[in-house]
Amino acid sequence: MKFDDNNLDMSRVDDRRDGRGGPPTGGTRGGDPTAGLLQLLLASKLGKGGGGIVLVLAALLIFGFCSQTQDPTAQVPLDSSFNAPPGAQGVGTSLAQKCTEDAADGVFENTDCLLVKAFNETDEVWSGYFATTGQRFREPQLTFFDGQTRTGCGPADTSVGPFYCPADERIYFDLGFSRELQRLGVQGQYAMVYIMAHEYGHHLQNISGIERQVRKAQNANRRNANDYSVAMELQADCFAGVWGRLANDQGNVVITPEEFQQATNAAAAVGDDRIQKGAGMRVNPDTFTHGSAKQRTFWYTRGYDQGTPQACNTFKELGLPL
């Protein structure tokens, strides 16, 4: 895919792939309704010949939004920060140099450089949008890691897939996830850009107060907790679609029909029903936390077609009061 320029801003990119993130210590990821299902998948399938694909499916099942560790019901202060371990911050000269050399006529061949550029462009589009509406905007940070790392939401490893942590306002990527997508038949660079835009959508939910409202609603309506989780994920899909339309219309990036199809293919591939089927489980909508393939494709497409966040009130559409 092609961007409007080769400029890269590495100032909020944190590359921990040489192990500088340190091993996770203390606590577990909290508040994710899919965590129990992950354990069920691992317990029921590992050692029975299907371990590899189940690990892949479990990772896909939970990519998205990571809550606080210590108290998943607590509100996350918007100005909170996470002190990463010493030496865990910043971008080495290798990544900065690689990405500078990688760019050619607005095209980036390496996945990490592509994601840095997509991150920069999501910054530009959403900061501009917030400025026009008079809303306060604060940019997130982007962290690459291998295997495992520490986050403001607790320890994380590659099995969780890409996710956003509101406690430290970071988007986390283990790039091994791109290979897992390919194994599921999802091809093309824009599939990964869609995932970046989806995670950035969770940041918008955080800084705009939606995340706090949802957590409060989940606490008051525990029977509908999964439904609220689905609405959160579908809204992030919709925000990803809105970003794609705005970025395309403003000239930040050229999105071809083929690339749009790559995004919808990726959205469908990580639908809860597809994940459950692939894991040999019975499809049970009551356990969905991210939405079906049809729902995820619909909301991404709706955001792209309408090009405005106002089109993304998934809570109202699903009959969930906030």
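In this report, the structure presented in the accompanying data block is examined. (Residues numbered from 1 in each chain as written. Predicted model: local features only at pLDDT ≥ 70, side-chain atom pairs only at ≥ 80, totals over all residues. Heavy atoms only, no water.)

**Focus: the overall build of the protein**
- Within the protein, the regular secondary structure consists of twelve helices and nine strands.
- Across the 322 residues that make up the protein, the buried fraction comes to 57%.
- When contacts within the protein are restricted to residue pairs at least 6 apart in sequence, long-range pairs at least 24 apart make up 78% of them.
- Summing over all exposed atoms, the protein offers an accessible surface of approximately 13300 Å²; the carbon and sulfur share of this is 48%. (Helix = DSSP H or I, 4+ residues; strand = E, 2+ residues; numbered from the N terminus. Buried < 20%, exposed > 50% of the residue type's maximum accessible area, 1.4 Å probe, protein only. Contact = heavy atoms within 4.5 Å. Areas by Shrake-Rupley, 256 points an atom, 1.4 Å probe, with all protein chains shown as cover.)

**Re the pairing of strand S5 (residues 148-151)**
- Of the two faces of S5, only the one carrying Thr-149 and Thr-151 is buried; Gln-148 and Arg-150 on the other face are not.
- Inspection of the sheet shows S5 paired to strand S6 (residues 154-157) by four bridges, in the antiparallel sense. Within S6, the residue paired with Arg-150 across the bridge is Pro-155.
- Where S5 folds back onto S6 in an antiparallel hairpin, the turn is made up of two residues. (Pairing = 2+ DSSP bridges.)

**Description of the pattern of salt bridges**
- If you walk through the whole model with that rule in mind, you get 13 salt bridges.
- Here Asp-15 and Arg-17 are joined by a salt bridge, their closest N and O atoms 2.8 Å apart.
- A relative accessible area of 9% means that Asp-15 is categorised as buried.
- Between Lys-117 and Glu-121 there is a salt bridge whose closest N-O contact spans 3.0 Å. With Lys-117 and Glu-121 both in helix H4 (residues 111-133) and four residues apart, the pair spans about one turn of that helix. In this structure, Lys-117 and Glu-121 share a single accessibility class: buried.
- Counted as one network, the salt bridges with shared partners bring together Asp-15, Arg-17, Lys-98 and Asp-112. (Salt bridge = Lys/Arg side-chain N within 4 Å of Asp/Glu carboxyl O.)

**Observations regarding the pairing of strand S4 (residues 141-144)**
- Judged from the three bridges that link them, strand S2 (residues 13-15) and S4 form a sheet pairing that is parallel. Its bridge partner being in S4, Asp-15 is matched across the sheet by Phe-144.
- Strand direction decides the pairing type here: S4 and strand S8 (residues 170-173), joined by four bridges, are parallel. In the strand pairing of S8, Phe-144 is matched with Phe-173.

**As for the packing of aromatic side chains**
- Tallying each qualifying case throughout the model produces 14 aromatic pairs.
- With a centroid separation of 6.4 Å and an interplanar angle of 70°, the aromatic rings of Phe-145 and Tyr-172 are classed as edge-to-face. One end of the pair, Phe-145, is in the loop between S4 and S5; the other, Tyr-172, is in strand S8, and 27 residues separate them in sequence. For the pair formed by Phe-145 and Tyr-172, the shared burial category is buried.
- Ring centres 6.5 Å apart and planes at 25° place the aromatic pair Tyr-300 and Tyr-304 in the stacked group. A residue pair is termed a helical-turn pair when its members lie 3 or 4 positions apart in one helix, as Tyr-300 and Tyr-304 do in helix H11 (residues 293-306) at four residues. (Phe/Tyr/Trp six-rings, centres within 6.5 Å; stacked < 30°, edge-to-face > 60°.)

**Regarding helix H7 (residues 210-220)**
- Residues Ile-210, Glu-211, Val-214, Arg-215, Ala-217 and Gln-218 constitute the buried set of H7. What you see down the axis of H7 is that its buried residues fit within an arc of 165°, all on one side. Structural note: H7 exposes Lys-216 and Ala-220 on the side pointing more than 90 degrees away from its buried face. (Arc of directions from axis to C-beta.)

**What about unusual backbone geometry?**
- For Glu-169, which is not a glycine, the phi torsion comes out positive at approximately 55°.
- Along the chain, Glu-169 turns up in the loop between strand S7 (163-165) and S8.

So far we have only geometry, and geometry alone does not tell us how the molecule works.
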